[in-house]
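What the coordinates show
Residue-level listing of the chains:
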Amino acid sequence: MSKGNFYITTPIYYPSAKLHIGHTYCTVATDAMARFKRLQGYDVMFLTGTDEHGQKIEDKAKEAGCTPQEYVDNIVLGEGGVLDLWKLMNISNDRFIRTTDDYHVAAIQKIFKKMYENGDIYKGKYTGKYCKPCESFWTESQLVDGKCPDCGREVQDAEEEAYFFRLSKYADRVQDLLENTDFLEPRSRVHEMVNNFIKPGLEDLCVSRTSFSWGVPVDFDEGHVVYVWIDALFNYMTALGFCNDAKDGLDKFWPADVHFVGKEIVRFHAIIWPAMLMSLNLPLPKKVYGHGWLLLDGGKMSKSKGNVVDPYILAQRFGVDALRFFLLRSFPFGADGNFSNELLISTINTDLANDLGNLVSRTVAMAQKYFGAHLPEQQQVNIDMDRELVEMVCGLRDIYEAQMEKYAFQNALAEVFKVISRANKYIDENAPWVLAKNESNHPRLAKVLYNLLETVRICAGLLAPFMPDTSAEIANRLGGVTMDWDSLEDFGVLPVQVATVNGPALFPRIDMEKELAALEELSKPKSDIEIEPYATENVDFDTFCKSDFRAVKVKDCQPVKKSDKLLQFTLDDGTGTDRQILSGIAKYYKPEELIGKTLVAITNLPPRKMMGKESCGMLISAVHTEKGEEKLHLLMVDDAIPAGAKLC
Ligand code: ME8
């Protein structure tokens, strides 16, 4: 019978680049929690997904020369993408939401309209600062040294007609929620929210944009798209059927039991999210838990800084379970932790190879060696020798549970490993190899091995949320024994004549020096120059021949107002009528240096609008990365080639 319902979420990830170990950390933690709740007997809904709108994605797609939808599809669904990573990491999410899913888009439009109709969203003028990489608006007073307080990068002036959400109206209620309930944890994050954001005065929040179009359109005011955070936060409810019929589960699972989020997005989840739910008279989630960051050399790992650690490489070299275990064993979930390859390898060697791996292989091997397929029925207890181990094992489930309920994964694992160490010591104390020598000691030997196998069963059962495959493998080696929640409380569930199965070492010891050298080699760029991977799919010849590449001459080139990326080209394409192309290369060229040049354009792409201007084709450039920096060169051809000449 179900113990009740439990709804847990991860943040939905920006598919602006491939995910790294930092993202993997939060998802693995959520997965461990979801598996723990299932083990306890709850009916669990675990949601994750991707947050696919916003200017950053629109810009990236332009740079990549594809549509935003194509761009996100590739990162979410493509090889090595988000879905592949979660499959690799054995993530057991029940649903996956993409904010570009039709049902979500339509639901966001309804939600926006509801808040407009109840007066909490109104039209005004936005002047302020905008951090493009973070997709965040800031007031002057929130900036730190004139820069984005989250990422420290330059912000831009922004002024436009926009819709606002009356966040200020909810300041007192949100403050009360944060200070007088346990809505936000760890508690240290409460002070940060109240002192840094609420006390200085909560301003109304700008919730629509007109300067780009890759977002959910405001359906009653053309040209406006919904601010990406409004779109993103409501995923937690639309995925359960809020304002749509495509999904279900709202009655069963809302309010969520916990949203796990990284510390830099606590602000959105602990202030804006409850305020919007209050505006719609909806129940609030029971908890937001702001976890710390995985740091690399003391700084944040981030895809925009380029110092990311690739979970694919680590999982391939060390195994998925070892990586999952390391992430939750080595760092306290609520605080930051310093990632290093040394720590990863030493954790695997100490906890998994020496302690757990050894306990399992020694115990199973001795059972096989001394008794063959089954332990004998006749077993002899020695209260003095057994008491300490048996008592520890009997109390373990409850101690572990109390830590898990607090999201203290590291402590829960530490408790299990205390017992594993105790069991290894128990082997030495009882010296089975000495007992084995004299047949009269065999009933005692059988009991020692039984106690060890039972300890292994309970520990492996409690490790299942962290290392599901390892736990299942250990269950096999103990003859396919049960590890359900109730059985993990009672010592003595294992049949007396347990049948064991030998197997290879669960976690072979890693040679630290050799492995560090191998990892170093793998992380070195092959040279200072990096090129894009080659396409894995062929285009058929006829399709390729349809592409109409032409030499074009630049008659004029101008920057585009309000855009720091785009240049507007007027081109002679040999037809006698000027062709206009917009290209996102302002970072690389000054407009005047291009006038008179002969370039190459693909001319038969469908016209596209960018910043309200039409672009008829695309200029061809060569791109690569040099010392981590992206470089671009427009393809320029001999000026003797006349405008309009076809390239084939
Ligand atoms: O914030 N260590 O998406 P995102 C730990 N789309 N956690 C890290 C990390 C690190 N080094 N780097 C990133 C977004 N994260 C929004 C969420 S939810 C309605 C919208 C965590 O892909 C980060 O803290 O930038 C965040 O919780 C999550 O990865 C997603 O980051």
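Conventions used here
- Residues numbered from 1 in each chain as written.
- Predicted model: local features only at pLDDT ≥ 70, side-chain atom pairs only at ≥ 80, totals over all residues.
- Heavy atoms only, no water.
- Helix = DSSP H or I, 4+ residues; strand = E, 2+ residues; numbered from the N terminus.
- Buried < 20%, exposed > 50% of the residue type's maximum accessible area, 1.4 Å probe, protein only.
- Contact = heavy atoms within 4.5 Å.
- Areas by Shrake-Rupley, 256 points an atom, 1.4 Å probe, with all protein chains shown as cover.
- Lys, Arg positive; Asp, Glu negative; His and termini not counted.
- Charge placed at Lys NZ, Arg CZ, Asp CG, Glu CD.
- Pairing = 2+ DSSP bridges.
- Core = buried A, V, L, I, M, F, W, Y, C linked by side-chain atoms within 4.5 Å.
- Domains from an automatic or database assignment.
- Phe/Tyr/Trp six-rings, centres within 6.5 Å; stacked < 30°, edge-to-face > 60°.
- Lys NZ or Arg CZ within 6 Å of the ring centre and 35° of its normal.
- Buried area = accessible area lost by both parts, 1.4 Å probe.
- Polar contact = N/O pair within 3.5 Å; in protein donor to acceptor, adjacent residues only side chain to side chain.
- Near = heavy atom within 4 Å.
- Nonpolar A, V, L, I, M, F, W, Y, C, P; charged D, E, K, R; others polar.

1. With respect to the overall build of the chain
Assigned secondary structure in the chain consists of 21 helices and 26 strands. A buried classification covers 53% of the 648 residues belonging to the chain. Counting contacts in the chain only where the partners sit at least 6 residues apart, residues at least 24 apart contribute 75% of the total. Carbon and sulfur atoms form 50% of the exposed surface of the chain, whose accessible area is close to 28800 Å². Distance from the positive charge centre (73 side chains) to the negative charge centre (93 side chains) of the chain: 1 Å.

2. A closer look at the sheet that holds strand β16 (residues 529-530)
Strand order in the open sheet formed by three strands is β16-β24-β25, and the pairing between neighbours is antiparallel. Both outer strands of the open sheet, β16 and β25 (629-634), are each paired with one neighbouring strand and no more. Here two bridges tie β16 to strand β24 (residues 621-626), and the two strands are oriented antiparallel to one another. Along β24, the bridge assignment pairs Ile529 with Glu626.

3. Structural notes on the nonpolar core
Membership of the largest hydrophobic core comes to 107 residues, with the highest contact counts inside it found for Phe260, Leu356 and Phe409. The residues that make up this core include at least three from each of domain 1 (5-104 + 230-314) and domain 3 (340-488). With 79 residues, the next largest nonpolar core counts Leu143, Leu178, Leu240 and Phe253 among its residues.

4. Focus on the packing of aromatic side chains
The final tally for this structure, using the stated rule, is 32 aromatic pairs. Each member of the aromatic cluster is reached from another via a ring pair, and the members are Tyr25, Phe260, Tyr289, Phe326, Phe331, Phe333, Phe339, Tyr407, Phe409 and Phe466. Across the ring face of Tyr14, the terminal group of Lys56 is positioned such that the distance to the ring centre comes to 4.6 Å. Looking at Arg209, its charged tip hangs above the ring of Tyr130, at a distance of 4.4 Å from the centre.

5. Focus on the sheet that holds strand β6 (residues 156-165)
Adjacent strands of a sheet pair through backbone hydrogen bonds, lying either parallel or antiparallel. Ordered in space as β5-β4-β6-β8, the four strands form an open sheet in which the pairing is antiparallel. On the outer flanks of this sheet lie β5 (136-138) and β8 (205-206), each paired with one strand and no other. Alignment of strand β4 (residues 121-131) against β6, held across ten bridges, turns out to be antiparallel. Looking at β6, one finds that Gly128 is bridged to Ala158.

6. What about helix α13 (residues 320-330)?
Buried residues dominate α13, accounting for eleven of its eleven residues. For α13, the complete set of buried residues consists of Val320, Asp321, Ala322, Leu323, Arg324, Phe325, Phe326, Leu327, Leu328, Arg329 and Ser330.

7. Considering the domain arrangement of the chain
Along its sequence, the chain is organised into domain 1 (5-104 + 230-314), domain 2 (117-228), domain 3 (340-488) and domain 4 (541-634). Of note, the centres of domain 1 and domain 4, computed from C-alpha atoms alone, are 36 Å apart. Each partner contributes residues to the interface: domain 1 has five residues there, and domain 4 has six residues. Taken together, the two surfaces of domain 1 and domain 4 that pack against each other cover about 480 Å², and 52% of this comes from carbon and sulfur. Together, Lys62, Glu63 and Gly65 form the three largest contributors to the area buried by domain 1 at its contact with domain 4, with a combined 76%. Across the domain 1-domain 4 interface, the total number found is zero residue pairs in polar contact (both at pLDDT 80 or more).

8. Things to note about the site of the ligand
Lining the immediate surroundings of the ligand are 26 residues, of which Ile12, Asp51, Gly262, Glu264 and Leu294 lie closest. Within the backbone of Gly22, one N or O atom sits 3.3 Å away from a nitrogen atom of the ligand. The separation between an oxygen atom of the ligand and a polar side-chain atom of Glu264 is 2.8 Å. Within the complex, the protein chains bury 96% of what would otherwise be the 660 Å² of accessible surface of the ligand. In terms of residue class, the shell around the ligand is made up of 14 nonpolar, eight polar and four charged.

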